[in-house]
Amino acid sequence: ITAKNISLNGGSSVRFDSNASNINVVPDCSPVPVLQCFNDNFSQSTLSNDWVVSKSSGGFTPSIQGGRLRLTEAKSDQSTASTYQRLFPGKANLVEIQFDHYAYGGNGADGIAVVLSDASITPQPGAFGGPLGYGYKPGINGFAGGWLGFGIDEFGNFSGEGGSSNVGQRRQSVAVRGSGVGTSGYNYLRGACSNGTTNTNGSCLSPAVDGNNVSPAHRYKITIDSQAANQSIVKIERNTGSGFVTLVPAFNAAAQNGQAAIPSDFLLSLTGSTGGSNNNHEIDNVQICALKS
C-alpha cells in the first residue's frame, strides 16, 4: 500500500509505511488548558470588595438578600450593574462563567444580562426595561464600553429593542448583543429563537426563564473562547436539572458586522432590569474561570 498518514480525533495520527510493516502512533500531547476559578456564594451579609455596584435608573442598588445577590426588586424602571473587580485579557484567553438564576415575585419582566465591557471605560449600566441594562433607549445610553451582552430575558424585548438588527420580541429567551457606544450599535447577534420559532405558549424556552424561585435553580454557563487569533467564540448553555443544554450554539462574535475590535482587557458585569412590568432578579453560586486574569 502507499505510505499514508491518518488523523485521529484529538489531534493524534497513525502512519503506515509502504508495506505496512512499520506503524507509528504519534499522540497529541498538547496540555489541557488550566483555568483559575473564582467563586462567590453570597453567604456573607454584605457584598465583598470583589464587586462594585451601580445604577442608571430606579432607587435600588444590588445587594445580598437571603443568601443571593439581588440585581433588581420587583419594582418598575430599574437598571443596575454589579461589576467584578478583576481584569480578563481579551485575546488568547478562555473564560467560563456559571451561575444560578432566579426571577420571580412580579409580573414577568424584564431580565438580566452578563456583560463583557472594555476595561479602559468605567462601567455604567444601560437602559432599563427591554434593553436589560445593556442596550439603549432614545436619550438613554447603552452600557458604557459594552462589547458583548448576554441577555436572559423574560418579557422578550432584549431581541426587539436596545440596538440595531432587531428581530422582534422573543419571550422567555436568551440572546446576545454586540458592541456599542451611547445610542448606536449594540447589534442583535444571536438568540435561542432567532428564527421566530416558539413553543405553543408563545415562549422561546421551556421551562420558562422566570418563575423559578425553587430548587434546583436554572444554572447558566457562558463560554468566551479567544484562544485563536482574531476570534471570540461564544456559547450559552443552561441546566434545569438534567444536564447542560446548548441554547445559543457557538459562533465567532468578533467577526460579526459592526463589532468593535477585541479590547485589551475585559471587565465582567451583571446587570438587572425592570420596566413597566417587573420581577425580583437574583443570582447565586457564581463561578468565573479563566485561562488569564
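### Remarks on the overall build of the chain
So, step 1. Each helix and strand counted, the chain has zero helices and 20 strands in total.
So, step 2. Burial statistics for the chain: of 293 residues in total, 50% are counted as buried.
So, step 3. Considering only residue pairs separated by 6 or more positions, the chain has 64% of its internal contacts joining residues 24 or more positions apart.
So, step 4. Carbon together with sulfur atoms contributes 47% to the accessible area of the chain, which is approximately 12,600 Å² in total.

### Structural notes on the pairing of strand β18 (residues 244-252)
So, step 1. The pairing of strand β17 (residues 233-239) with β18 spans six bridges and is classified as antiparallel. Following the sheet pairing, glutamate 237 is matched in β18 by threonine 246.
So, step 2. In this structure, the hairpin formed by β17 and β18 is closed by a connection of four residues, where glycine 241 is found at a positive phi of approximately 130°.

### A look at the state of the cysteines
So, step 1. In the structure shown here, the tally under the stated rule is two disulfides.
So, step 2. What connects to what in the chain, once the bonded cysteines are numbered by sequence position, is 1-4, 2-3.

### Brief notes about the environment of asparagine 280
So, step 1. Within the secondary structure layout, asparagine 280 lies in strand β20 (residues 280-290).
So, step 2. C-alpha of asparagine 280 to C-alpha of threonine 72: the two residues are 208 residues apart in sequence and 5.5 Å apart in space.
So, step 3. In contact with asparagine 280, not counting residues within four places along its chain, are Arg70, Thr72, Glu73, Ala74, Tyr102, Ala103, Tyr104 and Gly105.
So, step 4. Reaching out from asparagine 280, the side chain makes a polar contact with the backbone nitrogen of alanine 74 at a distance of 3.0 Å.

### Remarks on the sheet that holds strand β19 (residues 265-273)
So, step 1. Strand order in this open sheet of seven strands is β5-β8-β19-β10-β11-β12-β15, and the pairing throughout is antiparallel. At either margin of the open sheet sits one strand with a lone partner, and together these are β5 (51-57) and β15 (188-191). Direction aside, the axes of adjacent strands within the sheet are offset by 20° on average.
So, step 2. Sheet topology places strand β10 (residues 111-118) next to strand β11 (residues 146-153); seven bridges connect them, and they run antiparallel. Within the sheet, the bridge partner assigned to leucine 116 lies in β11 and is leucine 148.

### Overview of empty space enclosed by the protein
So, step 1. Tallied over the full model, the rule gives one cavity of 30 Å³ or more.
So, step 2. Residue lining of the largest cavity: Phe88, Pro89, Gly90, Asn93, Leu94, Val95, Leu116, Ile224, Ser226, Phe266 and Leu268, and that is the complete set.
So, step 3. Of the residues contributing to the lining of the largest cavity, the split by class is eight nonpolar, three polar and no charged.

### A word on the packing of aromatic side chains
So, step 1. Within the structure shown, the criterion is met by eight aromatic pairs.
So, step 2. Pairing phenylalanine 99 with tyrosine 220 gives two aromatic rings, centres 5.9 Å apart and planes at 20°, and the pair type is stacked. Here the residue phenylalanine 99 occupies a position in strand β9 (residues 94-104), and tyrosine 220 occupies one in strand β16 (residues 218-225), the gap between them amounting to 121 residues. Grouping residues by exposure puts phenylalanine 99 and tyrosine 220 together as buried.
So, step 3. An angle of 50° between the planes, with centres 5.4 Å apart, marks the rings of tryptophan 147 and phenylalanine 266 as tilted.

### Description of the side chain of aspartate 210
So, step 1. As for its position among the elements, aspartate 210 is in the loop between β15 and β16.
So, step 2. Within the buried core, aspartate 210 has no salt-bridge partner, and the shortest N-O distance to an opposite charge, that of arginine 171, equals 8.3 Å.
So, step 3. There is a polar contact of 3.3 Å between the side chain of aspartate 210 and the side chain of asparagine 279.
So, step 4. The contact partners of aspartate 210, leaving out residues within four places of it in the chain, are Ala103, Gly108, Glu154, Gln172 and Asn279.

### A look at the nonpolar core
So, step 1. In this structure, Phe88, Ile97, Phe99, Phe150 and Ile283 are the most contacted members of the largest nonpolar core, which totals 43 residues.
So, step 2. In terms of nonpolar packing, the next biggest core, distinct from the first, is built from 11 residues, Tyr136, Phe143, Phe158 and Ala175 among them.

### Quick word on the side chain of histidine 281
So, step 1. As for its position among the elements, histidine 281 is in strand β20.
So, step 2. From its side chain, histidine 281 meets the backbone nitrogen of glycine 111 in a polar contact 3.4 Å long.

### A word on the pattern of salt bridges
So, step 1. Within this structure, the stated rule accounts for six salt bridges.
So, step 2. Of the charged contacts in the structure, one is a salt bridge between arginine 70 and glutamate 282, with a shortest N-O distance of 2.7 Å. Pair noted here: arginine 70 is in strand β7 (residues 68-72) and glutamate 282 is in strand β20, with a separation of 212 residues, a long-range link. Per residue, the accessibility class of arginine 70 equals that of glutamate 282, and both read buried.

### A closer look at unusual backbone geometry
In most cases, non-glycine residues show a negative phi, while peptide bonds are predominantly trans.
So, step 1. A cis geometry characterises the amide bond from alanine 109 onward to aspartate 110, with omega recorded as -10°.
So, step 2. On the secondary structure map, aspartate 110 appears in the loop between β9 and β10.
So, step 3. At the junction of serine 206 and proline 207, the peptide bond is cis and its omega measures out at 0° in the coordinates.
So, step 4. Residue position: proline 207 is located in the loop between β15 and β16.
So, step 5. Even without being a glycine, alanine 92 presents a positive backbone phi close to 50°.

Conventions adopted
- Residues numbered from 1 in each chain as written.
- Predicted model: local features only at pLDDT ≥ 70, side-chain atom pairs only at ≥ 80, totals over all residues.
- Heavy atoms only, no water.
- Helix = DSSP H or I, 4+ residues; strand = E, 2+ residues; numbered from the N terminus.
- Buried < 20%, exposed > 50% of the residue type's maximum accessible area, 1.4 Å probe, protein only.
- Contact = heavy atoms within 4.5 Å.
- Areas by Shrake-Rupley, 256 points an atom, 1.4 Å probe, with all protein chains shown as cover.
- Pairing = 2+ DSSP bridges.
- Disulfide = S-S within 2.5 Å.
- Polar contact = N/O pair within 3.5 Å; in protein donor to acceptor, adjacent residues only side chain to side chain.
- Axes fitted to C-alpha atoms, helices over the stretch in contact; angles between N-to-C directions.
- 1 Å grid on protein atoms, 1.4 Å probe; cavity = no way out; pocket = protein on both sides within 12 Å on 5 of 7 lines; lining within 4 Å.
- Points joined across faces, edges and corners; volume = space filled by probe spheres on them.
- Nonpolar A, V, L, I, M, F, W, Y, C, P; charged D, E, K, R; others polar.
- Phe/Tyr/Trp six-rings, centres within 6.5 Å; stacked < 30°, edge-to-face > 60°.
- Lys, Arg positive; Asp, Glu negative; His and termini not counted.
- Salt bridge = Lys/Arg side-chain N within 4 Å of Asp/Glu carboxyl O.
- Core = buried A, V, L, I, M, F, W, Y, C linked by side-chain atoms within 4.5 Å.

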